[in-house]
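Observations on the model geometry
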Amino acid sequence: MDIATVLHIHNDELLVRDTLDSILKYVGSNVLVIYDGAVSSWGANLDLPVHKCCGLYHNYNRNPYRNIALGFSKILNLFPKSDWYCYCEYDVLFGNSNFKEELEKRAKQDYWCFGNDHRIHHDIKFPFLEKILGKELDRSDYLLGCCVFYHNKFMKKLLELDFFNRLLSFSNGCSRGFFPEFKEYDLSEHIYPTMAHHLGGKIGSFAKYDTEWRGRYKQYPLRFQPDLDELFEEASIMHPLKNYDSEIRNFFRKKRND
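Description of the structure in this document.

1. A closer look at helix 7 (residues 163–170)
Helical geometry: 3.6 residues make up each α-helical turn, so side chains three or four residues apart lie on a common side. Inspection of helix 7 places F163, F164, L167 and L168 among the buried residues, and these make up the whole buried set. Projection of helix 7 onto a plane perpendicular to its axis shows the buried side chains occupying an angular sector of 130°, all on one side. In this structure, the buried side of helix 7 is in contact with helix 3 (65–78), helix 5 (127–133), helix 6 (152–160) and helix 8 (188–198).

Now the structure itself:
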């Protein structure tokens, strides 16, 4: 299975290199690193063994949907034949490649998005998406945005709709994560699962966290916050891990090196 990854980074070189090393080991070598235009000189000087891209100026701690859309449009040009496309943040860590078996199985069942914390909302509206689809949406879907996998079939549908260019054009001039009529934390967590559902795909969830863990959290301990403080030795994907010298990162770094 071929997986191409968009890795969205900030100016923490040690953490970026540790996360990237885990991606190269367990996900694959088809990687595009995109960095905020606000740290363009830092990103340009960062020597990494993968593709790099200077993103748009954002410089804000939430809702980087424009750089995510830009990253997707570029990685689809770089690796158009990948089976899945992964978006992940710099504070994600991969511990093994067991998640690939899950994705391979789910692809045969027409799942187009897979991540953590799948939720369905009926009170969050997206007039812009309704305009693109030409119909009213009766629900919106959500997946935790730190690490999500999107199937090739879904990404091709978005390309056919010229979705990424239209989103960037529509939001041209928006700064600091602003998007019209949207007040949640991260637009991308909502619009891609929502589009996938309404274009005919299924949405899947490894595990969930809402004050306590549910599902297969020992393999997929991903949550918004706080930082992980429990070591699950068989974990496949983890988030958040913002400390390079944390017990968890040290354990999995040693495992990779061994």
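Let us keep going from here.
2. Some thoughts on the pairing of strand 3 (residues 51–54)
Two strands pair when backbone bridges link them, and strand 2 (residues 31–35) and strand 3 are joined in this way by four bridges, in the parallel orientation. Considered in strand 3, the bridge of I34 is made with C53. Between strand 2 and its parallel partner strand 3, the chain crosses via helix 2 (residues 40–45), and the hand of that crossover is right-handed.

3. Regarding unusual backbone geometry
With glycine set apart, most residues show a phi of negative sign, and most peptide bonds adopt trans. With an omega of 0°, the peptide bond between Q225 and P226 qualifies as cis. With respect to the helices and strands, the residue P226 is situated in the loop between strand 12 (213–215) and strand 13 (237–238). In this structure, the amide linkage connecting H239 to the following residue, P240, adopts the cis form with an omega of -5°. Secondary-structure assignment places P240 in the loop between strand 13 and helix 9 (247–257).

4. Section: the packing of aromatic side chains
Within the structure shown, the criterion is met by 26 aromatic pairs. Taking the centre distance of 6.1 Å and the plane angle of 70° together, the rings of F128 and F179 count as edge-to-face. Highlighted residues: F128 in helix 5 and F179 in the loop between helix 7 and helix 8, separated in sequence by 51 residues. You can call F128 buried: its relative accessible area is 10%. Cluster of aromatic residues (ring-pair linked, three or more members): F72, Y87, W112, Y150, F154, F163, F164 and Y192. Over the face of the ring belonging to Y111 we find R106, whose NZ or CZ atom lies 5.2 Å from the ring centre. It is R253 that lies over the ring of Y244; its NZ or CZ is 3.9 Å from the centre.

5. Focus: the side chain of E102
With respect to the helices and strands, the residue E102 is situated in helix 4 (residues 99–107). Separated by 2.9 Å, the side chains of E102 and R106 make a polar contact. The contacts of E102, once residues within four sequence positions are left out, are F114, F206, R216 and Y220.

6. Focus: the packing of helix 1 (residues 13–26) against helix 9
The packing of two helices is summarised by the inter-axis angle and the distance between the axes. At a minimum axis separation of 11 Å, helix 1 and helix 9 run at an interaxial angle of 45°. The orientation of helix 1 with respect to helix 9, classified from their angle, is oblique. The interaxial crossing formed by helix 1 with helix 9 has left-handed handedness. Here L15, D18, T19, D21, S22, K25 and Y26 of helix 1 lie close against helix 9, whose contacting residues are R249, R253, K255 and R256. For the contact of helix 1 with helix 9, the per-class residue count stands at two nonpolar, two polar and seven charged.

7. Quick word on the pattern of salt bridges
For side chains of opposite charge, pairing can occur when their charged atoms come near one another. A full pass over the atoms with the stated rule returns 11 salt bridges. Note that E102 is salt-bridged to R216, the shortest N-O span being 2.9 Å. Pair noted here: E102 is in helix 4 and R216 is in the loop between strand 12 and strand 13, with a separation of 114 residues, a long-range link. Owing to a relative accessible area of 32%, R216 belongs among the partly exposed residues under this scheme. The salt bridge involving K153 is made with D110; its shortest N-O contact spans 3.6 Å. Here K153, found in helix 6, pairs with D110, found in the loop between helix 4 and strand 6 (111–115); they are 43 residues apart in sequence, far enough to count as distant.

8. Details of helix 1
If you check helix 1, its first and last C-alpha atoms are 20 Å apart, about what 14 residues at 1.5 Å a residue would give, namely 20 Å. Within helix 1 the residues assigned to the buried category are L15, V16, D18, T19, L20, S22, I23 and Y26. After helix 1 finishes, the residue G28 shows a positive phi value of roughly 155°.

Here is what the cut-offs are and how they apply
Here the residue index of a chain counts from 1 through its sequence in written order. Restriction of local features to residues with pLDDT of at least 70 applies here, the model being predicted, together with a cutoff of 80 or more for giving and counting side-chain atom pairs; totals for whole chains, interfaces and linings are based on all residues. Side-chain descriptors were evaluated using all non-hydrogen atoms of the structure, hydrogens and water having been removed beforehand. For the exposure calls, accessible area comes from a 1.4 Å probe over protein chains only, and a residue counts as buried if that area is under 20% of its type's maximum, exposed if over 50%, partly exposed in between. To qualify as a helix, a DSSP run of H or I must reach at least 4 residues; to qualify as a strand, a run of E must reach at least 2; elements of each kind are numbered from the N terminus. What the arc covers is the set of directions going from the helix axis to the C-beta atoms. Working rule for contacts: check all heavy atoms of both residues, and any pair within 4.5 Å makes them a contact. The criterion for strand pairing is that DSSP finds at least two bridges linking the strands in question. Orient the strands so they point away from the viewer; a crossover is then right-handed if the path from the first strand over the helix to the second runs clockwise. Under the pairing criterion, centres of Phe, Tyr and Trp rings, with the six-membered ring standing for Trp, must be within 6.5 Å; the plane angle then separates stacked pairs below 30 degrees from edge-to-face pairs above 60, leaving the rest tilted. Any Lys NZ or Arg CZ that is within 6 Å of a ring centre and within 35 degrees of that ring's normal is treated as a charge sitting over the ring. Polar contacts, as counted here, are pairs of nitrogen or oxygen atoms within 3.5 Å of one another; within protein the pair requires one atom able to donate a hydrogen and one able to accept it, and residues that are adjacent in sequence qualify only if both atoms are side-chain atoms. Between the N-to-C directions of two axes lies an angle of 0 to 180 degrees, each axis being a line fitted to C-alpha atoms and, for a helix, fitted only over the stretch in contact. If an angle is under 35 degrees, it is roughly parallel; if it is over 145, roughly antiparallel; if it lies from 65 to 115, roughly perpendicular; otherwise it is oblique. Less than a right angle of anticlockwise turn of the near helix away from the far helix marks a crossing as left-handed, whereas a clockwise turn marks it as right-handed. Polarity classes work like this: nonpolar for Ala, Val, Leu, Ile, Met, Phe, Trp, Tyr, Cys and Pro, charged for Asp, Glu, Lys and Arg, and polar for all others, with Gly in that last group. For this analysis, a salt bridge means a side-chain nitrogen from Lys or Arg found within 4 Å of a carboxyl oxygen belonging to Asp or Glu. Expected helix span is computed as 1.5 Å times (number of residues minus one).

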